[in-house]
Amino acid sequence: DETSWQEVRAKVATASRQRQGPADPADALRRFQAAFPSAQDRHRRITKLLALAAGMGLQPRRSDVRSLNEPAIGLTRVRVTMPLTGSYEGLRRFVDQALRDDPALSLDLLRLERSDPQSLALRAELQWSLWMRVDVADEGAASSPARGLP
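These notes cover the structure that comes with them. (Residues numbered from 1 in each chain as written. Predicted model: local features only at pLDDT ≥ 70, side-chain atom pairs only at ≥ 80, totals over all residues. Heavy atoms only, no water.)

### Comments concerning the pattern of salt bridges
Our working rule: The term salt bridge refers to a pairing of a side-chain nitrogen on Lys or Arg with a carboxyl oxygen on Asp or Glu at a separation within 4 Å. Helix numbering and strand numbering both begin at the N terminus, where a helix is a DSSP run of H or I of at least 4 residues and a strand a DSSP run of E of at least 2. When accessible area is computed with a 1.4 Å probe and restricted to protein chains, residues below 20% of their type maximum are described as buried, those above 50% as exposed, and intermediate ones as partly exposed.
All told, the structure shown has eleven salt bridges when counted by the stated rule. The partner of R77 in a salt bridge is D108, and the shortest N-O contact between them spans 3.8 Å. Note that R77 is positioned in strand β3 (residues 75–87) and D108 in strand β4 (residues 105–113), a separation of 31 residues in sequence. With a relative accessible area of 15%, R77 lands in the buried category. You can call D108 partly exposed: its relative accessible area is 37%. Its salt-bridge partner being D96, residue R100 comes within 3.0 Å of it at the nearest N-O pair. One end of the pair, R100, and the other, D96, are both in helix α4 (residues 88–101), four residues apart, so they sit about a helical turn from each other. In this structure D96 comes out as partly exposed when scored by relative accessible area, which is 36%.

### A closer look at the pairing of strand β5 (residues 121–133)
Applied cut-off: Pairing between strands requires that DSSP locate at least two bridges from one strand to the other.
Summarising the sheet, β3 and β5 pair through 13 bridges and their orientation is antiparallel. Each residue of the ladder has a partner; that of V78, found in β5, is L130. Pairing geometry for β4 and β5, over eight bridges, is antiparallel. By the bridge assignment for β5, L110 is matched with L126.

### With respect to the packing of helix α3 (residues 42–55) against α4
Packed helix pairs are specified by the crossing angle of their axes together with the interaxial distance, meaning the distance between the axes. Stated formally: Comment: axis = line fitted to C-alpha atoms, over the contacting stretch for helices; angle = value between 0 and 180 degrees taken between N-to-C directions. For classification purposes, angles smaller than 35 degrees are called roughly parallel, those larger than 145 roughly antiparallel, those between 65 and 115 roughly perpendicular, and all remaining angles oblique. By definition, any crossing whose near helix is turned counterclockwise from its far helix by less than a right angle is left-handed, and any crossing with a clockwise turn is right-handed. Residue contacts follow a heavy-atom distance rule, with two residues in contact if any of their heavy atoms lie within 4.5 Å.
Relative orientation of the contacting elements α3 and α4 amounts to 150°, with a least axis distance of 10 Å. The angle between α3 and α4 places the two elements in the roughly antiparallel class. You can see that α3 and α4 cross each other, and the crossing is right-handed. For the pair α3 and α4, the contacting residues are K48, L49, L52 and A53 in the first and F94, Q97, A98 and D101 in the second.

### As for the environment of R114
What counts, and what does not: Here a polar contact is recorded for every N or O atom pair within 3.5 Å, except that within protein the pair must consist of a potential hydrogen donor and a potential acceptor, and residues adjacent in sequence are included only if both atoms are side-chain atoms.
Its place among the elements puts R114 in the loop between β4 and β5. On the accessibility criterion, R114 (36% relative accessible area) is partly exposed. Sequence separation of R114 and Y88 is 26 residues, and the distance between their C-alpha atoms is 10.0 Å. Sequence-distant contacts of R114, defined by excluding residues within four places in its chain, comprise S119, L120, A121 and L122. Here S119 takes part through its backbone oxygen, which lies 2.6 Å from a polar atom of the side chain of R114.

### Some remarks on the packing of aromatic side chains
Definition in use: Here is the rule: rings of Phe, Tyr and Trp (six-membered ring for Trp) pair when centre to centre is within 6.5 Å. Planes less than 30 degrees apart are stacked, more than 60 are edge-to-face, and the remainder are tilted.
Inspection of the entire model under this criterion finds two aromatic pairs. Geometrically, the ring pair formed by F32 and F36 is edge-to-face, given 5.1 Å between the ring centres and 70° between the ring planes. Taking relative accessible area as the criterion, F32 reaches 39% and is therefore assigned partly exposed. With 5.7 Å between their ring centres and 80° between their planes, F94 and W128 make a pair best called edge-to-face. Remark: W128 occurs in strand β5 and F94 occurs in helix α4; sequence separation between them is 34 residues. The class for F94 is buried, based on a relative accessible area of 0%. For W128, a relative accessible area of 0% translates into the label buried.

Written out as structure tokens, the structure is:
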């Protein structure tokens, strides 16, 4: 009978979990950190984000980049402040695609401004966080001052 077979599987799964005991918090943290891209991918990820904006018809101005350690969770946050000019539609498509392309990316700030109510062009400021794990070799370089990117 199918019902009794499902009950047996559920009991076996429950017994297996009980034998493993409680999860080790340090191990859970290591698994969490391992899910993020390496800090060595920093330049590639920033370049990809800027190229995506340009490919969507947006005009990026000088972007600022700042790396910050987040020691409580063992990650590095690379904050990218990106001023752009373009259409509302282009900005929406860019934000949507950027978040779909990089699951370790968050949008922290979105500010829109239209200088002329008749204009279709918007000025936008986006502030992104690229989250990444700190590899042992990268720990000394994980916190760096702001710098501009074209």
